Amino acid sequence: MERQVAVLGTYQSTFKTNDVDRTYVDQIEQAAIGVFRDSGLYPDDIDAVVVSLAPTFFMGVADADRWAVDHFFGAGKPVFRVHTGGATGGSAIHAAQSLVRSGMARSVLIIGAERIAETPDAQKVLNLIFDAFYERDMPLSTNSLVAMRAASYMKRYGVTQEDLARVVVRARRNALSNPNAHLKGAISVDEVMNSRMIVYPLKLFDICPRSSGSAAMIVGDMSMARRAKVARPAFINGVGSLSDSYWMGDRMVPTGDTDVVDYDLVRHTAVDCFAMAGITDPIRQIQVTEFYDPYSINSPVSLEQFGFCSRGTALRLERDGSWERDGGAVAVNPSGGTLCTNPIAITGLVRAIDAANQVMGKAGDMQVRDVRNALATASGGTAQFYNCTLFGADPFHA
């Protein structure tokens, strides 16, 4: 019999470019201690651990999960490492959720850390995801790939660079209420427009930072929820996860279900997640989204593909304040999102923590009123992996 899965505790550090005072092991230990304190549970209460760990090239230490195993109390327990690029944090949650839901574990610790600034040029590491013979020498990069998508989207729907800049302005403003956010501040559309051009139409402020820090979450079944000190758990009511073709050339033009401009993979993932969670009208049933949005183009496309609005309209609705934390139709990334904080190995986990905390009423100054459902997403590879998680205030039974 499948079990209901609840979030029993969360933790995230303050994020910044460098964390010179801590090693990876120190970061992991900090997250483990933090999440146990938050949940009221102890290491002996945990049946398994899922480590959220993306490319270790970023810090130059191979198999960092093995190095840190004693520091997240994993010795003597099943330990799983998950790696799907930027989607890793979300994939780690899905792995843990599956262990609990299947009855293989009563509770699972999800934990990870990131030290991306250890490498002098993260883009060189990220470029290794492209095919060595046909794509890497073009030269494709994560920035140029997303820029092509953004330019095509702008042409297809008649929106402007200023429209993208408004997304950044909202994100940075929201992050002012987030004590853990890396970038924050009251900036203007003009300031975004005047930031250095990286790859047209994306400027420096349209792109996320490189962030270092740690995060952890504990999920468990109802017996563990009763043991934990959490007053109001968030239930994992829906999950969706899909992968796309590896070859970018197969996704650069509309070919059935693989249109890279509108990122149709998101829509197909949403169908699975919403069906599992009983979501039929997202704009009415979901109060908060925490989208994986390392670029200003990501959240508008996600809003459209998840059905919060029709295609090509999200940026126009941005002008009207539809996605504001207070008074909008849906509070989009009240934490500031990935545009403000991007510790790649755990970005998807942080998005999920921020969403779950909204449901649990633990979001502090970021808290949105009357949250019943919150959605978190993560994306990795060459826009190849995508997953989403729906957290609810009440368990859903189909």
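To be clear, the structure that these remarks concern was listed above.
These numbers were taken from a predicted model, which means no experiment stands behind them. (Residues numbered from 1 in each chain as written. Predicted model: local features only at pLDDT ≥ 70, side-chain atom pairs only at ≥ 80, totals over all residues. Heavy atoms only, no water.)

> How would you summarise the overall build of the protein chain if you had to cite specific residues and measurements?
When helices and strands are counted, the protein chain shows 13 helices and 12 strands. The C-alpha radius of gyration of the protein chain comes to 19 Å, within 12% of the 21 Å expected for a compact globule of 398 residues. With the C-alpha coordinates aligned to their principal axes, the bounding extent of the protein chain is approximately 55 × 45 × 40 Å. Counting all 398 residues of the protein chain, 62% fall into the buried class. Surface accessibility of the protein chain: about 15,200 Å² in total, with carbon and sulfur atoms responsible for 52%. Averaging the coordinates of the 38 positive side-chain charges in the protein chain and doing the same for the 43 negative ones gives two points 3 Å apart. (Helix = DSSP H or I, 4+ residues; strand = E, 2+ residues; numbered from the N terminus. Rg over C-alpha atoms; globule rule 2.2 N^0.38 Å. Buried < 20%, exposed > 50% of the residue type's maximum accessible area, 1.4 Å probe, protein only. Areas by Shrake-Rupley, 256 points an atom, 1.4 Å probe, with all protein chains shown as cover. Lys, Arg positive; Asp, Glu negative; His and termini not counted. Charge placed at Lys NZ, Arg CZ, Asp CG, Glu CD.)

> Break down helix H11 (residues 298-305) for me, with residues and values.
With 8 of 8 residues buried, H11 is to be regarded as a mostly interior element. Burial in H11 covers these residues: Asn298, Ser299, Pro300, Val301, Ser302, Leu303, Glu304 and Gln305. Contacts from the buried residues of H11 go to helix H5 (142-157), helix H6 (161-175), helix H9 (264-277), helix H12 (314-319), strand S10 (331-332) and strand S12 (385-392). Directly beyond the C-terminal end of H11, a positive phi value near 90° is found at glycine 307. (Contact = heavy atoms within 4.5 Å.)

> With reference to specific residues and values, describe the nonpolar core.
Among the nonpolar cores identified, the biggest contains 66 residues, and Met217, Val219 and Phe391 are the most heavily contacted of them. Per-element tally for this core: the top contributor is helix H13 (residues 347-360), with 8 residues. Excluding anything up to four places from it in sequence, valine 219 contacts Val5, Ala6, Val7, Leu8, Ala96, Val100, Arg106, Ser107, Val108, Ile110 and Ile236. In terms of nonpolar packing, the next biggest core, distinct from the first, is built from 50 residues, Val159, Val168, Leu202 and Leu339 among them. (Core = buried A, V, L, I, M, F, W, Y, C linked by side-chain atoms within 4.5 Å.)

> If you had to explain the side chain of arginine 325 to someone new, which residues and values would you point to?
You can see arginine 325 is positioned in the loop between H12 and S10. Engagement of the side chain of arginine 325 in a polar contact is seen with the side chain of serine 177, the distance being 3.1 Å. (Polar contact = N/O pair within 3.5 Å; in protein donor to acceptor, adjacent residues only side chain to side chain.)

> Outline the sheet that holds strand S8 (residues 234-243), supporting the account with residue identities and numerical values.
Read across the sheet, 10 strands follow the order S3-S2-S4-S7-S1-S8-S12-S11-S9-S10 without closing on themselves; strand pairing throughout is mixed. The strands lining the two open edges of the sheet, one partner per strand, are strand S3 (79-82) and S10. Across the face of the sheet, helix H3 (residues 88-101) comes into contact with strand S2 (48-52), S3, strand S4 (107-115), strand S7 (212-220), S8, strand S11 (373-380) and S12 while running at roughly 165° to S2. Strands strand S1 (6-12), S4, S7, S8, strand S9 (288-290), S11 and S12 of the sheet are contacted by H13, whose axis makes an angle of about 180° with S11. (Pairing = 2+ DSSP bridges. Axes fitted to C-alpha atoms, helices over the stretch in contact; angles between N-to-C directions.)

> Lay out H6 in plain terms, naming residues and giving numbers.
With 15 residues, H6 extends 22 Å between its outermost C-alpha atoms, agreeing within 8% with the 21 Å of an ideal straight helix rising 1.5 Å per residue. When you tally the buried positions in H6, you get 12 out of 15 residues, the bulk of the element. (Expected span 1.5 Å × (residues − 1).)

> I'd love a proper account of unusual backbone geometry, names of residues and values included.
The omega angle of the peptide bond from tyrosine 200 to proline 201 is 0°, so this bond is cis rather than trans. Counting through the fold element by element, proline 201 comes out in the loop between strand S5 (197-199) and strand S6 (202-203). Of note in the backbone geometry, phenylalanine 73 takes a positive phi value of approximately 60° without being a glycine. Assignment of secondary structure puts phenylalanine 73 in the loop between helix H2 (64-67) and S3.

> Any details on the environment of methionine 197? Residues and values, ideally.
As for its placement among the helices and strands, methionine 197 is situated in strand S5. With sequence-adjacent residues up to four places away left out, methionine 197 is seen in contact with Gln161, Leu202 and Lys203.

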